[in-house]
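# Observations on the model geometry
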Amino acid sequence: MAEGCMMALRYGMVFFNLLFWLGGCGILGVGVWLSVTQGNFATLSSSLPSLSAANLLIAVGTIIMVIGCLGCVGAVKESRPVLLTFFILLLLIFFLEILSIMLFFIYRDEIDHYAQRDLKKGLQLFGTEGNVGLTNAWMIVQTDFRCCGVTNHTDWFEVYNASRVPDSCCLEYSDNCGLDNPGTWWTAPCYERVKDWLNENLVALWIFALCTALTQILGLVFSMTMFCQAVKVETFYA
């Protein structure tokens, strides 16, 4: 009976980590594709130019692949060191996620002010050489969210030193439409539009977070159970 439970646990652990590893491969693949085809696409921060969608996906995908591979190897080989390493890494990531969420809510206002200040600073790099990613990101954000600037369309006036905005701010896109009458521009602030979008999808975000946490907890339980069982078996045959 105990041997059958151990076998079921092993197969469950392998299946769980195989899905984990395949998910990491998918995320890594999307990140590499974005990096190759779009450069530093979707980086809006001037202070953290490496914080792009491509780089984030590559980093997350690599970490998931490594952890998933450790879990598979540990389950198949019933290796105590590998299972323990898998458990420690997963536990560390789990605690870091909880800590990040707590710090976010504690320093929410400070993060809010810093983000707006950093985004406004990044506007100064719009359209400049070597900042294709930031330029593309702002163009897509303003077009998709029908907004202009960080807190107001007048944010762009300081960038151009004139009463004009990028063409992506226009209600109907055309070349040099950002030089036309302000009545033809989007006036909603992009920062608030993105926050509103996140609030509208808050339920989906929490469901994703809970599913992620549940998956990690199951991984922790499986790995520690197998580790303890491996210790008992080794002690029995010693």
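Since we're looking at a predicted model, the values are computed, not measured. (Residues numbered from 1 in each chain as written. Predicted model: local features only at pLDDT ≥ 70, side-chain atom pairs only at ≥ 80, totals over all residues. Heavy atoms only, no water.)

### Considerations on the state of the cysteines
- Taken as a whole and assessed by the stated rule, the structure comprises 3 disulfides.
- Bridging C148 to C169, the disulfide has an S-S length of 2.1 Å. When the S-S torsion is 90°, as for the bridge of C148 with C169, the disulfide is right-handed. Taken together, the residues C148 in the loop between helix 5 (132-145) and helix 6 (155-160) and C169 in the loop between helix 6 and helix 7 (190-200) connect sequence positions 21 residues apart. Side by side, C148 and C169 carry an identical accessibility label, which is buried.
- A sulfur-sulfur distance of 2.1 Å marks the disulfide that ties C170 to C177. Classification of the bridge connecting C170 and C177 rests on its S-S torsion, roughly 110°, and on that basis the disulfide is right-handed.
- Exposure remark for C170: the relative accessible area of 6% places this residue in the buried category.
- The cystine pairing of the protein, numbering bonded cysteines in sequence order, is 1-6, 2-3, 4-5. (Disulfide = S-S within 2.5 Å. Helix = DSSP H or I, 4+ residues; strand = E, 2+ residues; numbered from the N terminus. Buried < 20%, exposed > 50% of the residue type's maximum accessible area, 1.4 Å probe, protein only.)

### Some points on the pattern of salt bridges
- Applying the stated rule across the entire model yields 1 salt bridge.
- K195 is paired through a salt bridge with D112; the nearest N and O atoms lie 3.6 Å apart. Note that K195 is positioned in helix 7 and D112 in helix 4 (residues 108-123), a separation of 83 residues in sequence.
- The exposure class of K195 is partly exposed, given its relative accessible area of 30%. (Salt bridge = Lys/Arg side-chain N within 4 Å of Asp/Glu carboxyl O.)

### Concerning the nonpolar core
- Membership of the largest hydrophobic core comes to 20 residues, with the highest contact counts inside it found for L123, W138, C148, V150, W156 and V165.
- At the level of secondary structure, the elements contributing two or more residues to this core comprise helix 4, helix 5, helix 6 and helix 7.
- If one sorts the elements of this core by residue count, helix 5 sits on top with 3 residues.
- F16, I67, A75 and L90 belong to the second-largest nonpolar core, a separate cluster that totals 14 residues. (Core = buried A, V, L, I, M, F, W, Y, C linked by side-chain atoms within 4.5 Å.)

### Looking at unusual backbone geometry
- Phi angles above zero are rare outside glycine, and R146 is one such case at about 55°.
- Unusually for a residue other than glycine, N161 sits at a positive phi of about 55°.
- With respect to the helices and strands, N161 occurs in the loop between helix 6 and helix 7.
- With relative accessibility at 70%, the residue N161 sits in the exposed group.

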